[in-house]
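Coordinates in review
Each chain, letter by letter, is given below.
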Amino acid sequence: MTRETTSFVYVTYIRSTPQKVFEAITMPDIAKRYWGHENVSDWKPGSKWEHIRANDERTVELVGKVVEISPPTRLVMSWANASQADDPTKHSQVTFAIEEYDTMVKLTVSHDELEAGSGMAKGISQGWPAVLSSMKSFLETGTGIDLFAKPKSA
């Protein structure tokens, strides 16, 4: 039986440089300031990466492998919940495409090979817009947004 997959694509424009955007994704001390997590790896093709909550418990929440890396314009990595790391059918793939765009950077995040209807697919459809908005705010102003904010009652 073939599993049905879906993709999610998010594009944003950031007043920054490709190098700073790439570092915001790959440098743990920067990522934790807008994401609340650190992306930890040696960032070589085939190397593992871990998405670690930046708190006292330092919980590893997501894992994967670096598939392709071309600083500062491209990063491709596999992506899975740490609890599902041993099940290849639960892995998806994320591509960060970073390109200069006049005085800005165009960042395209493509999250592919998601199991349609899965918790991961639902989670990232809400998570990526918030995280990437926080990255944009952080790089442009020095402060990320509150990723845990809730809608105000009408």
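My aim in this report is to walk through the structure given alongside it, one point at a time. (Residues numbered from 1 in each chain as written. Predicted model: local features only at pLDDT ≥ 70, side-chain atom pairs only at ≥ 80, totals over all residues. Heavy atoms only, no water.)

**With respect to the overall build of the chain**
Scanning the chain from N- to C-terminus turns up three helices and seven strands. Mapped in sequence order, the helices and strands of the chain form the string β-α-α-β-β-β-β-β-β-α. Once the C-alpha set of the chain is aligned to its principal axes, its extents read approximately 45 × 45 × 35 Å. Per-residue burial over the chain gives 37% buried out of 154 residues. In the chain, 43% of the contacts between residues at least 6 apart in sequence involve partners at least 24 apart. For the chain, the accessible surface area stands at approximately 8600 Å², while carbon and sulfur atoms represent 50% of it. Each charge class in the chain was averaged separately, 17 positive and 20 negative side chains, and the resulting centres sit 4 Å apart. (Helix = DSSP H or I, 4+ residues; strand = E, 2+ residues; numbered from the N terminus. Buried < 20%, exposed > 50% of the residue type's maximum accessible area, 1.4 Å probe, protein only. Contact = heavy atoms within 4.5 Å. Areas by Shrake-Rupley, 256 points an atom, 1.4 Å probe, with all protein chains shown as cover. Lys, Arg positive; Asp, Glu negative; His and termini not counted. Charge placed at Lys NZ, Arg CZ, Asp CG, Glu CD.)

**Topic: unusual backbone geometry**
Going from Pro 71 to Pro 72, the amide bond is cis rather than trans, its omega being -5°. The topology assignment puts Pro 72 in the loop between β4 (60–70) and β5 (74–81). A positive phi angle, near 55°, is found at Trp 43, a position not held by glycine. With respect to the secondary-structure elements, Trp 43 resides in the loop between β2 (37–40) and β3 (48–53). A relative accessible area of 14% means that Trp 43 is categorised as buried. In the Ramachandran plot, Asp 102 falls in the positive-phi region, its phi being about 55° despite a non-glycine side chain.

**A few points about the environment of Ser 16**
Mapped onto the elements, Ser 16 comes out in the loop between β1 (5–14) and α1 (18–26). Each C-alpha atom of the pair Ser 16 and Val 105 lies 6.0 Å from the other, and the pair is 89 residues apart in sequence. With residues near it in sequence (within four places) discarded, Ser 16 still touches Val 21, Thr 103, Met 104, Val 105 and Leu 139.

**Section: the sheet that holds β1**
If you walk across this open sheet you meet the seven strands as β1-β7-β6-β5-β4-β3-β2, and the pairing is antiparallel. Both edges of this open sheet fall to β1 and β2, since each of them pairs with a single strand only. For this sheet, the mean inter-axis angle between neighbouring strands, taken without regard to orientation, is 20°. Two strands pair when backbone bridges link them, and β5 and strand β6 (residues 92–101) are joined in this way by six bridges, in the antiparallel orientation. Bridging across to β6, Met 77 finds its partner in Val 94. In the packing of helix α2 (residues 28–35) onto the sheet, contacts are made with β2, β3 and β5, and the angle to β2 comes to roughly 150°. (Pairing = 2+ DSSP bridges. Axes fitted to C-alpha atoms, helices over the stretch in contact; angles between N-to-C directions.)

**Some details on the packing of aromatic side chains**
For any pair of aromatic rings, geometry is given as the distance between the ring centres together with the angle between the planes. Taken as a whole, this structure holds seven aromatic pairs when the rule is applied. Ring plane angle 45° and centroid distance 5.3 Å describe the contact between Trp 79 and Trp 128, whose orientation is recorded as tilted. Note that Trp 79 is positioned in strand β5 and Trp 128 in helix α3 (residues 119–141), a separation of 49 residues in sequence. Comparing Trp 79 with Trp 128 shows no difference in burial state: the two are buried. An aromatic cluster is built from Tyr 34, Trp 35, Trp 49, Trp 79, Phe 96, Trp 128 and Phe 138, whose rings are joined through pairwise contacts. (Phe/Tyr/Trp six-rings, centres within 6.5 Å; stacked < 30°, edge-to-face > 60°.)

**Side note on the pattern of salt bridges**
Following the criterion strictly, the structure yields seven salt bridges and no others. A salt bridge links Lys 90 to Glu 115; its shortest N-O distance comes to 3.0 Å. Taken together, the positions of Lys 90 in the loop between β5 and β6 and Glu 115 in strand β7 (residues 104–115) put the pair 25 residues apart, joining distant regions of the chain. By relative accessible area, which is 28% here, Glu 115 ends up partly exposed. Each of Arg 15, Lys 136 and Glu 140 takes part in salt bridges that share partners, so that together they form one network. (Salt bridge = Lys/Arg side-chain N within 4 Å of Asp/Glu carboxyl O.)

Keep in mind that these numbers describe shape and distance, not what the molecule does.
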